[in-house]
Amino acid sequence: MFHHVAPFAGDPILSLNEAFQKDPRSNKVNLSIGIYFDEQARLPALDAVHQAELRMAAANQPKPYLPMEGAANFRSAVQALILGDGHEAIASHRVATIQAVGSSGGLKVGAEFIKQWFPTSGVWVSDPTWDNHRAMFESAGIPVHTYPYYDAATGGVRFAAMLDTLRSLPAHSVVLLHACCHNPTGTDLTNAQWLELVPLLKERQLIPYLDLAYQGFGEGIAQDAFAARALADAGVSFFIANSFSKSMSVYGERCGALSVVCPDAQQAALVLGQLQFTVRRSYSSPPIHGGQIVAQVLTDPALRASWEQDLAAMRDRILAMRVQLHAALVKLLPGHDFGYLLTQRGMFSYTGLSAAQVDRLREEQAIYLVRSGRICISGLNAGNVDVVAAAIVQVL
């Protein structure tokens with residue numbers, strides 16, 4: 001019956017991670033998948049998350065189906081985290097938020113909504129972007145195009161070319177933007193560039209779709225939400241999918257959200273209703289556990305303080321690894337420019353390594369990178385950073 005079904009080629013990142021797990025070499029280093037590892041190369045278990053789970057277990061509450069849009073305390077906490085407590089958009093009830101199955105689920109629900117209600121719109125993503133962005137929108141039947149973004153020569157953003165492309169797009173085109181910690185390059189827009197971009201998006205009646213998967217890993221919780229708050233302050237309608245997988249180290253709980261900032265409360269109610277309908281015909285309603293962990297951590301002052309402290313420690317360790325890798329590379333190869341490591345932000349950096357060089361690192365040194373040359377900085381630690389630096393220099 002199923003002989004005609006094509007084989008699945010595998011996800012390039014997840015398949016690479018599976019190959020790493022099977023690699024018998026004791027010196028292997030995983031710098032591929034976007035997961036935060038601590039200094040001992042382990043997933044951290046945050047105390048705030050643990051305390052929230054203990055409280056939930058002690059309460060021994062029943063586990064009914066959640067509403068299609070998710071738990072109210074989770075949704076309101078998400079809005080405050082993204083836009084800030086007391087933001088006018090929240091007070092005016094013009095933000096429609098659903099609890100999603102990770103930010104990936106939020107992105108997908110948003111894609112289905114766009115296909116239904118903006119059927120002639122295309123989506124423009126940065127060149128390059130996270131591989132799954134294209135797949136999600138194309139699977140919803142939406143054509144996907146690219147706008148100029150990463151400048152390999154400078155390690156920065158091709159901002160002028162990006163603006164020129166966006167000026168040429170038809171109204172209601174969807175522009176996917178990384179709110180912070182760009183994946184895969186680690187190269188972000190500056191606040192000044194965001195303030196230049198926002199009026200253009202508004203003037204051209206484009207629909208921004210922000211992906212905020214790494215809030216807190218760039219400069220801080222509020223700082224990394226600058227783009228979302230600037231858009232809301234300017235009265236722009238936009239989508240934003242966010243995740244708690246990395247920031248609370250709850251990857252397997254698949255806990256994220258999709259919010260749509262609308263012009264007014266009436267339109268927000270319409271949008272929320274259609275998002276509910278999209279959820280109903282997809283997975284019906286989100287799970288309880290992860291959302292309630294997040295809601296408790298965000299709304300309890302003691303748990304919130306503990307979480308913010310741990311998140312700052314994760315951010316600081318990534319910065320320290322950037323500095324150490326940079327220093328080790330410069331020492332081994334003084335004439336080469338490794339400055340990108342110090343200017344890029346978040347978990348990822350674009351190394352400029354070719355696919356052939358990445359293959360050599362994996363085959364000869366047991367060091368796993370994505371074939372685009374993207375390196376996950378959080379996979380580095382004091383025990384492997386010099387080894388990784390030496391291996392990179394060998395393949396350059």
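The paragraphs below set out a description of the structure included in this document. In this text, all values refer to a predicted model and were calculated from it rather than measured experimentally.

## Brief notes about the packing of aromatic side chains
Thought 1: Considering all chains together, one arrives at 8 aromatic pairs under this definition.
Thought 2: On the numbers, 6.0 Å between centres and 70° between planes, the contact of Phe74 with Phe244 is edge-to-face. You can see Phe74 sitting in helix H3 (residues 72–83) and its partner Phe244 sitting in the loop between strand S9 (238–243) and strand S10 (255–261), a full 170 residues away along the chain. Per residue, the accessibility class of Phe74 equals that of Phe244, and both read buried.
Thought 3: Seen in terms of ring centroids, Tyr214 and Phe348 are 5.7 Å apart; in terms of plane orientation they differ by 85°. Their pairing is edge-to-face. On the criterion of sequence distance, the pair formed by Tyr214 in the loop between strand S8 (207–212) and helix H9 (226–233) and Phe348 in strand S11 (residues 348–350) is long-range, its members being 134 residues apart.
Thought 4: Overall, Tyr214 belongs to the buried group, its relative accessible area being 7%.
Thought 5: In this structure Phe348 comes out as buried when scored by relative accessible area, which is 1%.

## With respect to the state of the cysteines
Thought 1: Applying the stated criterion across every chain, the model contains 0 disulfides.
Thought 2: Cys181 takes part in no disulfide bond, and the closest cysteine sulfur to it belongs to Cys180, at a distance of 3.9 Å.
Thought 3: Looking at Cys376, it has no disulfide partner, and the nearest cysteine sulfur is the one in Cys181, 11 Å off.
Thought 4: According to the relative accessible area criterion, Cys376 is buried, its value standing at 1%.

## Here's the deal with the environment of Ala227
Thought 1: Within the secondary structure layout, Ala227 lies in helix H9.
Thought 2: Classification of Ala227 as buried rests on a relative accessible area of 1%.
Thought 3: Linking Ala227 and Gly105, residues 122 residues apart in sequence, is a C-alpha distance of 21 Å.

## Side note on unusual backbone geometry
Thought 1: Cis geometry is adopted by the peptide bond preceding Pro128, which originates at Asp127 and carries an omega value of 5°.
Thought 2: Its place among the elements puts Pro128 in the loop between strand S3 (123–127) and helix H6 (131–139).
Thought 3: In this chain, Asn183 is followed by Pro184 through a cis amide linkage whose omega measures 25°.
Thought 4: The topology assignment puts Pro184 in the loop between strand S7 (174–178) and helix H8 (191–203).

## Details of the side chain of Asn242
Thought 1: Here Asn242 shows up in strand S9.
Thought 2: For Asn242, a relative accessible area of 1% gives the class buried.
Thought 3: With sequence-adjacent residues up to four places away left out, Asn242 is seen in contact with Val78, Ile82, Ser103, Leu212, Gly256 and Ala257.

## So, the pairing of S10
Thought 1: Taken across its 7 residues, S10 has 7 buried, putting it largely inside the fold.
Thought 2: By the bridge criterion, 7 bridges tie strand S2 (residues 95–101) to S10 in an arrangement that is antiparallel. When the bridges of S10 are listed, Val101 appears paired with Cys255.
Thought 3: Two strands pair when backbone bridges link them, and S9 and S10 are joined in this way by 6 bridges, in the antiparallel orientation.

## Brief notes about the side chain of Ser121
Thought 1: Checked against the element boundaries, Ser121 lands in the loop between helix H5 (102–117) and S3.
Thought 2: A distance of 2.6 Å separates a polar atom in the side chain of Ser121 from the backbone oxygen of His172.
Thought 3: If near-sequence neighbours (up to four positions away) are discounted, Ser121 is found in contact with Ile142, Pro143, His172, Ser173 and Val174.

## Concerning helix H2 (residues 47–59)
Thought 1: End to end, H2 covers 18 Å across 13 residues, agreeing with the expected 18 Å (1.5 Å per residue, within 8%).
Thought 2: Structurally, H2 contributes buried residues whose contacts are with helix H11 (289–299) and helix H12 (301–332).

## Structural notes on a nonpolar patch on the surface
Thought 1: Residues Met1, Phe2 and Val5 make up a contiguous nonpolar surface patch of about 420 Å² in total accessible area.
Thought 2: Structurally, Phe2 is set in the segment before helix H1 (12–22).
Thought 3: The class of Phe2 is exposed, set by a relative accessible area of 61%.

## Some details on the packing of H8 against H9
Thought 1: Their axes nearest at 10 Å, the elements H8 and H9 cross at an angle of 35°. Like other packed secondary-structure pairs, H8 and H9 cross with a definite hand, here right-handed. Side by side, H8 and H9 meet where Asn191, Trp194, Leu195, Val198 and Leu201 of the first sit next to Phe226, Ala227, Ala230 and Leu231 of the second.
Thought 2: Looking at the contact of H8 with H9 residue by residue, the class counts come to 8 nonpolar, 1 polar and no charged.

## Some points on the nonpolar core
Thought 1: Counting residues in hydrophobic clusters, the biggest one holds 102 residues, and the most contacted among them are Leu166, Leu210, Phe244 and Trp307.
Thought 2: If you tally residues by element for this core, the top one is H12, at 9 residues.
Thought 3: Once you skip the residues sitting within four places of it in the chain, Leu166 turns out to touch Tyr147, Val175, Leu197, Leu200, Leu201, Arg204 and Leu206.
Thought 4: Counting residues in each nonpolar core, the second largest holds 28 residues, with Ile207, Cys262, Val271 and Leu272 among its members.

The rules we used
- Residues numbered from 1 in each chain as written.
- Predicted model: local features only at pLDDT ≥ 70, side-chain atom pairs only at ≥ 80, totals over all residues.
- Heavy atoms only, no water.
- Phe/Tyr/Trp six-rings, centres within 6.5 Å; stacked < 30°, edge-to-face > 60°.
- Helix = DSSP H or I, 4+ residues; strand = E, 2+ residues; numbered from the N terminus.
- Buried < 20%, exposed > 50% of the residue type's maximum accessible area, 1.4 Å probe, protein only.
- Disulfide = S-S within 2.5 Å.
- Contact = heavy atoms within 4.5 Å.
- Pairing = 2+ DSSP bridges.
- Polar contact = N/O pair within 3.5 Å; in protein donor to acceptor, adjacent residues only side chain to side chain.
- Expected span 1.5 Å × (residues − 1).
- Patch = residues over 30% accessible without salt bridge, like charges linked within 9 Å, V, L, I, M, F, W, Y side chains within 5 Å.
- Areas by Shrake-Rupley, 256 points an atom, 1.4 Å probe, with all protein chains shown as cover.
- Salt bridge = Lys/Arg side-chain N within 4 Å of Asp/Glu carboxyl O.
- Axes fitted to C-alpha atoms, helices over the stretch in contact; angles between N-to-C directions.
- Left-handed = near helix turned anticlockwise from the far one by under 90°.
- Nonpolar A, V, L, I, M, F, W, Y, C, P; charged D, E, K, R; others polar.
- Core = buried A, V, L, I, M, F, W, Y, C linked by side-chain atoms within 4.5 Å.

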